[in-house]
Amino acid sequence: AYLEVSHTVVSIVNTAADMELDLLRKFDAKTNRVKGLAFHPHRPWILASLHNGAVQLYDYRMEILLESFEEHEGPVRGIDFHKTQPLFVSGGDDYKVKVWNYQNRRCLYTLHGHLDYIRTVYFHPNQYPWILSASDDQTVRIWNWQSRTCLLVLTGHNHYVMCAQWHPTEDLILSASLDQTIRVWDISGLRKRNTSIVADEMSIGGGGFGGGSLSFGGAKGMGSGLDSSGAGTSASASAAADPFGNIDAVVKFVLEGHSRGVNWASFHPTMSLVVSGADDREIKVWRMSGSRAWETTTYRGHLNNVSCALFHAKENVIISNSEDKTLRVWDISRNHAPLAFRRDNDRYWILAQHPRLNLLAAGHDNGMFIFKLSRERPAFYYMPNDAVYYFNEGYIRVYAINTGNDRALMPSRGSLSSSGGGGGGGSHSSSSGMGGIGGIGGSEHSKRSKRPRLLYYNPYVHKSSKEVNILLFYDSVKETGDSAEYELYVMDKHGNNTSSNQRSAAQSIAFVTKNRFAVLTSDGEIILKNMDNISKKKMKIAERNVNYVFEGGLNRLILRSAEFMTLFDCKSRQIIRELQIATRFPVKFVHWDAPHYQRCALLAKFSVMICDAELNDICTIYENAKLKSGAWCSSGAVYIYTTVTHMKYALPSGDAGIIKTLDEVLYVVCIHGNTVTCMTRDWKIKKVEIDDTEFVFKRALSLKKFGTVKSIIEKDKLRGESILAYLQKKGYPEVALRFVQDPSTRFELAIECGNIEDAFQCAKEMNSETVWNRFAEAALMQGNYRYVTGAYTQTRNLEKLMNLFVINGNFAMLNKLKEIASTQSNTQMVFNIALLNGCERDDGQHVLTRIECLKEAQQYALAYLTANANGLREMAESIRAEFLADKEIKIPAHLQQAQRMKPLKVLYGPFEAADNAKYDWPQLPKVMDIFDVDDGGDGSKDATTTMTAAAAAARRDDDVDDDDEDEEEEDTRDAVDKVDMDDFGDEEEEDDDADGFGAEFKTKKSKKSRTSTGGAVGSVNAFIGDVDDELEVSDLSDDDGKADAEDTQAMMMRSSSLVTMPENGKNSRQRWLDRAISATDMIAAGSFDLAQQALHRQFGIINFAPLAPYFMCVYNSCHAYVTVAPNARDMAMGIRRREQTQSQDHKKKENMANVCYSVSVCEDVLKSAFQFVTDAQFEKGIAEFRKILHIVPLLVIADSDELRDVRNLVKQCREYINALRVKEEATRVHDSDPPREFELNCYFTHFELQDAHIFSGLYGAMKLGYKAQYFKTTAVLCRRLLELAVSGKVRNDNAQKYLSQVQKVLKKCESKCAKNEYDNAKEEQLAYKAHDFSFLCCQSLTPIDRNEEIVKSPYCGSTFKAQFNGQISPVCNLVRIGDNKDGVTINTK
């Protein structure tokens, strides 16, 4: 018997005031009915077994479905992960236990033996290779998953076994059955008999998964457990009844007390307790002790069968769920009403608890969700005096960073006060003498959380001050709707409290000065209070619904509203700056770089926004994982933050990266050098050593502190592809060149930074045609004539060589090339060269060459025509006689006389043969290498200023003596060495004519002696020496002449190894892409793929085919094309848009692309769409409205006013498209289904249309209803018509002529209804109910019941029945129904 403590049962759901817990959702998934759940012990995964036979694997941290396993036939009720192996087990209604490998994504094998539905399956928690299964065949079975055999069958229950579980540490099994009993089984005999140590075996046998040294045998037969009866009696004595003692399992306890079948039972993780839930709607707690087991407590409150119940591993509570659609949390230390969470339409079926983390999961009819019951973030505040103030176990504590001293400063008021813990609202029964299950007495009856959410220390109090001001902020409980509250502590350095009674309600709080703090009330009013908690000033921010306040510096606050962060001056009561927040997740924390207060970090759920002291946006960094905490380093230059898995850094330059991976969630307190001080969820201080090389390097590079950069590189601290990509992205490929030795990577970097010498060396090493072609292209862009010639020579590309010689006017080289082509029998090349040479000078020889080439190509008619046109009559006649004797030839008049081609205009050159080096284009002096420049004091100073000054000084020195200048110019020219071209396959020709093209050209001798040494140009010579001597091209050699000390710098600036080409600027599309935020800017930049990704993230668009013409329109309309010169390609000129803002972002925005679409364009389309509706051209109207929906994602929305207008546009289009679709469907069923036609016309009147269109729809529906004798519904339509007519919203001349007829119809309908002269049954069959219409499904065009689940379009918000979830929306034809996206937002941030 137990003692009944009676309480009145009242509304359970809204009586959670006394609970310090709250349900915090972490992940939600919509699926079929979930019957089983299992957390992975180490990875952020959860398995859900579904009623449709599928097993789904989710990553709840990334919120994605990873895999679906579908081999079961029928519902899958049991699921569990193995603790160490990549396995999970499942059991279902097909009587099968399946073992799966989730890495291989397949079922390994199936265990057969059960004869009915399998309810639960579990792996053994302590590494034994056993599986426990419970079944409707009234048995519990133990399997060896390695040997794939059944070890034991536990019989004794006489009804379905609904649940069976292992004890977490002991050799016990718990089973619950519909026979109203719970059995505790002792399996120590099975463990002893089946466990053996195999010294020579290094892996687990049987299953082949490895990983241990234990071998577990399997029983050949099925053991049978012994039953015992009687509640609370021990059955261990029955083991002695077996004379042989071979008892593998015995019933230790049989727990009886439930009046109906037991659905679930589970052990307490650490105590000798059992909790059970049954169809009698009760939850019972049982205690086991030695040979006794008894019922201690009964909890009542569920209104239907209890599906599942378990103990929380970290809180002193029981969690239960039920078919009454509620999940309840019972405090087992106090007699309080449970905290209840209700779903409108879904019954709960299963609960699961994470083995390590504070996470739970609940499965219901339409999916499952993961939640936790309390926040785990510690409340702390760091002061720059190296002290951390934090709350733990009822005390405000202080931790000294330098010494590690941790002491309690003072107890909180909540820990000092306590009162009786009575509570109503549920039914609770307890046995006498228990004193609470957990041994915990009553605690304070309060409307706030037990632990504070945040702790604030007054940062404006001077270090020498003897006073300490601390605020503790407590969250409100959602279920009660009560406001949050704070506690103010004013104390001395020793923790002696100097104030009392300092507790008040507040929405949020923040310190403002050393003797003032701000309190935000629930109505949005800001109150400044002194340290006696007395109000001194009240402020209200107009037009801003402020919902939170943050510290903003001395006499300043940062105010958070729905779309803005506002910097507010409390002294002048003026708004200093407003910052729009692009993300839909609100800012949670603001971290200042105290004590500097030069920058702040706005921390949201998935983003970090870094701002300056005036709240100007510097950069924003987005993350995929949830952000947890952050802090600035002591210098205020680097912000270090943590996510659930990583510690990362962010720089004001916008750079971010990973510092290290975390094994647990850490909350950053402060950073000193390479040490990050953090706090764990267990309120422990933890110091983490980090490697700061990467962000120090990036910071130094952004500040142009090249000395620091050089030092880091020389110490060889950085490696990896990521740092190379970073250097390339930031425009420092020459720095990346210092990191790599791989020729291909060095070649790409050298090409990017214009280092043609290094690129040449790498090309020589790789020696492939592709590389030489890339090198030639790069050298040609720099106008390096000799390198281009050498590259073309190496690839034997005669065509490009010919083109190069022609555009430079180097006809001497062109003649040599003709000779080489002749030896190759390349008739076409010889002909082309002769033709081009004839443009320059025509001595007759080139004509003869062309004629011979045509004859060789058997183009005799062309040869005859060429000879005849150039006056070579005899040769023409000989060709005719020899090759064209039998053909009649008629020469047109315009071909009788040859017309010479216009001479080619050479833009640069030609030069004398000896001045071959002059063909290289002029180049700018190259600034000094960044590694030759010291840090110039202020890191922000551009090092190029110093370099340019040095170059100017060098030029001034050169101007002193013209003779010296000429001499230096000659010194910059290198001696011309031989560059030979292979004979392209003709080894017999070795012409080395000294007077012809192959002669060595000489240049002027320098007045200073010099010798050719190695280096980049020496490498060129070595390369050329490897080629045959058919073609000679001059090249550079190093200048080793001695110069005076004062001229050394000038020599560096003019040396051939220190010259560079002007860098290519970015075109408009590249600049737009660099600054692109909205998808429209990405389209204008030509990056359609990035635009599609952005539109998918924002709107959920998956069908981009309808947007293709709009993409092209945006792309083509943002450029104008200008013809610069004849025969030249048109130059594209980007058309910029004008921004109507004068903010700090103006300079960035003014260069963005002009967009051809705007709100005014949409409004013009809307007018034409309205006209189509008025003209009853519904198909064209739908096309116009849908056009607006296709344009809206491409609009650039800059402010809240535009956002409001665009959202109104989307709403109007949605309503009209759905209304017109209803009209078209009504027209289609006009002849086939008159009742359906009437219903559709009635649905039309419920859309938010223009009043004239609604009036027209009501009038048409009224006529149809009257003709079909739906008098009751028609009367409702008539009244709506009259209300609309008298409201003045419709033009009188349109309404008056219909009013008399409407009144007559209404009178007739009311008369018929009053006399019951109509078929009421016929009207009841209508799906349209005039007084009970809520939503229309925009897919099926049928009404949605009020209690029916709906899904919406993430773009326009159209409603659909849940069965259409995942289909393409018929309204816009762009998005998937049911997705959760941001929709239309401001997209310029």
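The model shown is predicted, which means the values in this text are computed figures rather than measured ones.

Rules used in this analysis
Residues numbered from 1 in each chain as written. Predicted model: local features only at pLDDT ≥ 70, side-chain atom pairs only at ≥ 80, totals over all residues. Heavy atoms only, no water. Axes fitted to C-alpha atoms, helices over the stretch in contact; angles between N-to-C directions. Helix = DSSP H or I, 4+ residues; strand = E, 2+ residues; numbered from the N terminus. Parallel < 35°, antiparallel > 145°, perpendicular 65-115°, else oblique. Left-handed = near helix turned anticlockwise from the far one by under 90°. Contact = heavy atoms within 4.5 Å. Nonpolar A, V, L, I, M, F, W, Y, C, P; charged D, E, K, R; others polar. Buried < 20%, exposed > 50% of the residue type's maximum accessible area, 1.4 Å probe, protein only. Pairing = 2+ DSSP bridges. Core = buried A, V, L, I, M, F, W, Y, C linked by side-chain atoms within 4.5 Å. Patch = residues over 30% accessible without salt bridge, like charges linked within 9 Å, V, L, I, M, F, W, Y side chains within 5 Å. Areas by Shrake-Rupley, 256 points an atom, 1.4 Å probe, with all protein chains shown as cover. Salt bridge = Lys/Arg side-chain N within 4 Å of Asp/Glu carboxyl O. Lys, Arg positive; Asp, Glu negative; His and termini not counted. Charge placed at Lys NZ, Arg CZ, Asp CG, Glu CD. Arc of directions from axis to C-beta. Phe/Tyr/Trp six-rings, centres within 6.5 Å; stacked < 30°, edge-to-face > 60°. Lys NZ or Arg CZ within 6 Å of the ring centre and 35° of its normal.

**Q** Please explain the packing of helix α26 (residues 1159–1174) against helix α28 (residues 1200–1228) as it appears in this structure.
**A** Packed helix pairs are characterised by how far apart their axes lie and by the angle those axes make with each other. Direction vectors running N to C along α26 and α28 enclose 25°, while the axes themselves pass 11 Å from each other. It follows that α26 is roughly parallel to α28 by the angle criterion. Taken as a pair, α26 and α28 cross one another with a handedness that is left-handed. For the pair α26 and α28, contact is made by V1159, C1162, L1166, F1170 and V1173 and by D1205, V1206, L1209, Q1212, Y1216 and L1220, respectively. In the contact of α26 with α28, the residues fall into 9 nonpolar, 1 polar and 1 charged.

**Q** Explain helix α7 (residues 743–753) to me, please; I cannot follow it from the model alone.
**A** Two residues of an α-helix separated by three or four positions point the same way, owing to the 3.6 residues in each turn. What α7 keeps buried is the set R746, F747, L749, A750 and I751. Looking one or two residues past α7, G754 carries a phi angle of roughly 75°, positive in sign.

**Q** How should I be thinking about the pairing of strand β47 (residues 564–569) in this particular structure?
**A** In regular strands, side chains alternate between the two faces of the sheet. For β47, the buried fraction is high: 6 of the 6 residues fall into the buried class. Of the two faces of β47, the one carrying F564, T566 and F568 and the one carrying M565, L567 and D569 are both buried. The pairing of strand β46 (residues 556–560) with β47 spans 5 bridges and is classified as antiparallel. Looking at β47, one finds that L557 is bridged to F568. Alignment of β47 against strand β48 (residues 574–580), held across 6 bridges, turns out to be antiparallel.

**Q** How do you make sense of the nonpolar core when you look at a structure like this?
**A** One broad rule of soluble globular proteins: the nonpolar side chains tend to lie buried together. The biggest cluster of nonpolar side chains holds 91 residues, and the ones touching the most others in it are L1095, F1185, L1195, Y1355 and V1384. Per-element accounting of this core gives the leading share, 11 residues, to α28. Excluding its chain neighbours within four sequence positions, the residues that come into contact with L1095 are A1079, G1100, I1101, F1104, L1107, F1111, P1193 and L1194. Counting 70 residues, the second largest nonpolar core, distinct from the first, contains L37, L152, A362 and L373.

**Q** What's the story with the sheet that holds strand β20 (residues 250–256) in this structure? I'm lost.
**A** Within a sheet, neighbouring strands are paired by backbone hydrogen bonds and run either parallel or antiparallel to one another. The strand order across the open sheet built from 4 strands is β14-β15-β16-β20, with neighbouring strands paired in antiparallel fashion. The sheet is open, and its two edges are formed by β14 (161–166) and β20, each paired on a single side. For this sheet, the mean inter-axis angle between neighbouring strands, taken without regard to orientation, is 20°. As defined by bridge partners, strand β15 (residues 172–177) adjoins strand β16 (residues 181–186) across 5 bridges and the pair is classed as antiparallel.

**Q** What am I meant to see in the environment of R1207 here?
**A** When you line up the elements, R1207 lands in helix α28. Accessibility expressed as a relative area gives 41% for R1207, which makes it partly exposed. Taking the C-alpha atoms as reference points, R1207 and V1384, separated by 177 residues in sequence, lie 6.8 Å from one another. Apart from the residues within four sequence positions on either side, R1207 is in contact with E563, V1384 and T1385.

**Q** Sorry if this is basic, but what is going on with unusual backbone geometry here?
**A** Glycine aside, negative phi is the norm for most residues, and most peptide bonds take the trans geometry. Omega for the peptide link from A594 to P595 comes to 5°, which places this bond in the cis form. Tracing the backbone through its elements, the reader meets P595 in the loop between β49 (589–592) and β50 (599–603). At R105, a position not held by glycine, the phi torsion is positive, near 60°. Along the chain, R105 falls in the loop between β8 (97–101) and β9 (106–111). A relative accessible area of 55% means that R105 is categorised as exposed. Of note, the phi angle at Q1269 is positive, near 65°, even though the residue is not glycine. As for its position among the elements, Q1269 is in the loop between α30 (1251–1267) and α31 (1271–1286). Relative accessible area serves as the criterion here: at 47%, Q1269 is assigned to the partly exposed category.

**Q** Before we go on, may I ask you to explain a nonpolar patch on the surface in this structure?
**A** A grouping of M62, I64 and L66 is seen on the molecular surface, where their side chains present a nonpolar patch of about 240 Å² in accessible area. Summarising the element assignment, I64 is placed in strand β5 (residues 64–69). Residue I64 is classed as partly exposed on the basis of its relative accessible area of 41%.

**Q** Can you walk me through the pattern of salt bridges in this structure?
**A** Two side chains that carry opposite charge are able to pair once their charged atoms sit near each other. Scanning the model with the defined rule gives 34 salt bridges in all. Its salt-bridge partner being K98, residue E71 comes within 4.0 Å of it at the nearest N-O pair. Remark: K98 occurs in strand β8 and E71 occurs in the loop between β5 and β6 (76–81); sequence separation between them is 27 residues. Take K98: its relative accessible area is 5%, and that puts it in the buried class. Its salt-bridge partner being R1214, residue E1215 comes within 3.0 Å of it at the nearest N-O pair. Neither E1215 nor R1214 differs from the other in exposure class; each is buried.

**Q** What's the story with the environment of I1368 in this structure? I'm lost.
**A** When you line up the elements, I1368 lands in the segment after β67 (1359–1361). Along the chain, I1368 and Q1339 lie 29 residues apart, while their C-alpha atoms are 9.8 Å from each other.

**Q** Honestly, a negative patch on the surface in this entry has me stumped. Any pointers?
**A** There is a patch of like negative charges on the surface, built from E1163, D1164, D1199 and D1205. Tracing the chain through its elements places D1205 in helix α28. Judged by relative accessible area, which is 33%, D1205 ranks as partly exposed.

**Q** How should the sheet that holds strand β32 (residues 380–383) be read in this particular structure?
**A** What the 4 strands build is an open sheet, ordered β32-β33-β34-β35; its pairing is antiparallel. In the strand order of this sheet, the two ends are held by β32 and β35 (406–411), each with one partner. Put simply, the sheet's adjacent strands are angled 25° from each other on average, direction ignored. Looking at chain direction, strand β34 (residues 395–400) and β35 are connected through 5 bridges and run antiparallel. Across the sheet, Y395 pairs through a bridge with P411, a residue of β35.

**Q** Is there a simple way to explain the pairing of strand β3 (residues 45–50) in this structure?
**A** Burial of β3 is extensive: 6 of the 6 residues sit out of reach of the surface. Here β3 shows no split at all, with W45, L47 and S49 on one side and I46, A48 and L50 on the other all buried. Where strand β2 (residues 34–39) lies against β3, 5 bridges are found, and the strand directions are antiparallel. When the sheet's bridge partners are listed, A38 is paired in β3 with L47. Looking at chain direction, β3 and strand β4 (residues 55–59) are connected through 5 bridges and run antiparallel. Note on β4: the bridge partner recorded for L47 is L57. Adjacent in sequence and paired antiparallel, β3 and β4 are bridged by 4 residues, among which G53 carries a positive phi angle near 100°.

**Q** Looking at this structure, I do not really get the packing of helix α15 (residues 860–869) against helix α16 (residues 873–883). What am I missing?
**A** Contact geometry for α15 and α16: axes closest at 7 Å, N-to-C directions at 160°. Considered as vectors, α15 and α16 are oriented roughly antiparallel to each other. Between α15 and α16 the crossing geometry is left-handed. Contacts between α15 and α16 involve Y860, A863, Y864, A867 and N868 from the former and R873, M875, A876, E877, I879, R880 and F883 from the latter. Each residue belonging to the contact of α15 with α16 can be placed in one class, and the counts come to 8 nonpolar, 1 polar and 3 charged.

**Q** Just to check I follow, could you spell out helix α21 (residues 1068–1075) for this structure?
**A** Buried within α21 we find S1068, R1069 and W1072. Down the axis of α21, the sector holding all buried residues measures 100°, keeping them to one side.

**Q** In this structure, what is going on with the packing of aromatic side chains? I would like to understand it.
**A** Here a ring pair, both rings aromatic, is described through the centre-centre distance and the interplanar angle of the planes. Per the counting criterion, the structure on display carries 42 aromatic pairs. An angle of 5° between the planes, with centres 5.6 Å apart, marks the rings of F88 and W100 as stacked. Separated by 12 residues along the polypeptide, F88 in strand β7 (residues 87–92) and W100 in strand β8 bring together distant segments of the chain. Each of the two residues, F88 as well as W100, counts as buried. Ring pairing ties together the aromatic residues W45, F69, F81, F88, W100 and Y102, which thus form one cluster. Over the face of the ring belonging to W349 we find K35, whose NZ or CZ atom lies 3.8 Å from the ring centre. If you follow R1069 out to its NZ or CZ, it ends over the ring of Y1115, 3.9 Å from the centre.

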